[in-house]
Amino acid sequence: MRIDLHTHSRVSDGTDSPRELVGAAKRAGLDVVALTDHDTAGGWDEAVEAAYDEGVELVRGMEISTRHDGRGVHLLAYLPDPTYPPLVEELQRVLDGRDLRLPAMLARLNELGIEISAPDVAAVSGDAAASGRPHVADALVRLGVVADREEAFERYLSAGRSAYVDRYAAPLVPLLRIVSEAGGVAVIAHPWGRSRRERPDESDLAALKSAGLAGVEVDHQDHAPEARERLLAIARNLGLVVTGSSDYHGTGKVDHDLGVNSTAPDQYARLLELAAAASAASGRTTPEVIRP
Ligand code: AMP
Ligand code: ZN
Ligand code: FE
Ligand code: FE
């Protein structure tokens, strides 16, 4: 069983439509794929149709931009009721935060002498729920300012660079509660990823587990082999579910091909058990795993 629990479509900052993504998952030999666009369930319906057509097991999820102890944390939420009002509200705040930040980023770029305007970004972010930094990066590529997203982040868009502007992110601990109340399960994405100034250590993760965290993503391209080993030991110690994923973004991220990392079947089974328990406890109508 090949299981990839973290991917992005054009509904956030990937480059495939949800249907194309599910087709690509099939061709990559995956048995299970989770669609986890940033802060939106907007791609779910199209992915469900494609999962039936392609015969791929589909988990509906999202990757939510949160903040904890002053640092950004990406939280994967699997199988929550996407209509639960507090969840809807938080997602909208993050999406609005992304859109509201855009003019300030463009103004910074204009000050640097780069002629880029809102329509240039709109031209590349067509299906997306909000225009984020990757869309600004794509617009800069189209304008010939940089060669690729990587260069755009390195020169202008990463934290501390000249066109970086902060935006709203949902407070992590209250959001863990909201995900549980929505009947979903939460897994921290790439907790020791490259852009982390401070990594959550074992006691941080223990506290987050008490606050409702179900698992941690260990096998991710942003984790070096030693980091994976240490994180795995901590996860085992704390009884957290261990996942792995590609964090596929289509052509938007190199070295993130579908299935490049994967989740072990026993860990996937545990995650689904926790999701079933959360769903039952919440009393909400939660999405089922699609098994064509
Ligand atoms: P935003 O949430 O709009 O601030 O954009 C952040 C997103 O940009 C992240 O979720 C990543 O998917 C993407 N990203 C961050 N750094 C890079 C990079 N160096 N190259 C390509 N994409 C990146
Ligand atoms: Zn992304
Ligand atoms: Fe992420
Ligand atoms: Fe991601």
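Small disclaimer: the values here were computed from a predicted structure and weren't measured. (Residues numbered from 1 in each chain as written. Chains lettered and ligands numbered in written order. Predicted model: local features only at pLDDT ≥ 70, side-chain atom pairs only at ≥ 80, totals over all residues. Heavy atoms only, no water.)

## Some remarks on the domain arrangement of the chain
Logical step 1: As assigned here, the chain comprises domain 1 (3-85 + 170-282) and domain 2 (91-157).
Logical step 2: Averaged C-alpha coordinates put domain 1 and domain 2 at centres separated by 25 Å.
Logical step 3: At the interface, 15 residues of domain 1 touch 11 residues of domain 2.
Logical step 4: Between domain 1 and domain 2 lies a buried interface of about 1,000 Å² when both sides are counted; carbon and sulfur atoms form 51% of it.
Logical step 5: Area buried by domain 1 at its contact with domain 2 is led by Arg 10, Asp 13 and Asp 39, which between them contribute 41% of it. (Domains from an automatic or database assignment. Contact = heavy atoms within 4.5 Å. Buried area = accessible area lost by both parts, 1.4 Å probe.)

## Comments concerning empty space enclosed by the protein
Logical step 1: Counted under the stated rule, the structure contains 1 cavity of 30 Å³ or more.
Logical step 2: By volume, the largest cavity amounts to about 60 Å³.
Logical step 3: Examining the composition of the lining of the largest cavity, we find that 3 residues originate from one element, strand S4 (residues 71-78), more than from any other.
Logical step 4: Here the lining of the largest cavity is built from residues that sort into 7 nonpolar, 2 polar and 2 charged. (1 Å grid on protein atoms, 1.4 Å probe; cavity = no way out; pocket = protein on both sides within 12 Å on 5 of 7 lines; lining within 4 Å. Points joined across faces, edges and corners; volume = space filled by probe spheres on them. Helix = DSSP H or I, 4+ residues; strand = E, 2+ residues; numbered from the N terminus. Nonpolar A, V, L, I, M, F, W, Y, C, P; charged D, E, K, R; others polar.)

## Points about the coordination of the iron ion (ligand 4)
Logical step 1: The coordination sphere of the iron ion (ligand 4), as far as protein atoms go, consists of His 6 (NE2), His 8 (NE2), Glu 63 (OE) and Asp 247 (OD), spread over 2.1 to 2.2 Å.
Logical step 2: Viewed at the metal, the 4 donor atoms of the iron ion (ligand 4) are separated by angles of 76 to 162 degrees, and the geometry they form is irregular.
Logical step 3: Ordering the donors of the iron ion (ligand 4) by residue number gives the pattern H-x1-H-x54-E-x183-D.
Logical step 4: Judged by its relative accessible area of 0%, His 6 is buried. (Donors = N, O, S within 2.8 Å, 3.2 Å for Na, K, Ca; no water. Tetrahedral: all angles 85-135°; square planar, octahedral: opposite > 155°, others 65-115°. Buried < 20%, exposed > 50% of the residue type's maximum accessible area, 1.4 Å probe, protein only.)

## A short note on the layout of surface pockets
Logical step 1: If you add up the space inside the second largest pocket, you get close to 220 Å³.
Logical step 2: What lines the second largest pocket is a set of 16 residues, among which Leu 232, Arg 236, Val 242, Ala 264 and Gln 267 lie closest to the centre.
Logical step 3: Among the elements of the structure, strand S7 (215-219), helix H9 (225-238), strand S8 (241-244) and helix H10 (265-282) are those that each provide at least two residues to the lining of the second largest pocket.
Logical step 4: Counting residues per element, the lining of the second largest pocket draws most heavily on H9, which supplies 4 residues.
Logical step 5: Taken together, the residues of the lining of the second largest pocket sort by class into 5 nonpolar, 5 polar and 6 charged.

## Here we look at the side chain of His 38
Logical step 1: If you trace the backbone, His 38 turns up in strand S2 (residues 32-38).
Logical step 2: Reaching out from His 38, the side chain makes a polar contact with the side chain of Glu 63 at a distance of 3.5 Å. (Polar contact = N/O pair within 3.5 Å; in protein donor to acceptor, adjacent residues only side chain to side chain.)

## Details of the environment of Leu 213
Logical step 1: Turning to its location among the elements, Leu 213 is positioned in the loop between helix H8 (202-210) and S7.
Logical step 2: Residue classification places Leu 213 among the buried residues on the basis of a relative accessible area of 4%.
Logical step 3: Along the backbone, Leu 213 and Ala 77 are 136 residues apart, and their C-alpha atoms lie at a distance of 9.9 Å.
Logical step 4: The residues contacting Leu 213, other than those within four sequence positions of it, are Leu 75, Leu 176, Ala 186, Val 187, Ile 188, Leu 205, Leu 208 and Leu 240.

## Here's the deal with the coordination of the iron ion (ligand 3)
Logical step 1: Within the first shell, the iron ion (ligand 3) binds the protein through Glu 63 (OE), His 74 (ND1) and His 190 (NE2), at distances of 2.1 to 2.2 Å.
Logical step 2: If you list the donors of the iron ion (ligand 3) from N- to C-terminus, the spacing comes out as E-x10-H-x115-H.
Logical step 3: Note on Glu 63: relative accessible area 0%, which makes it buried.

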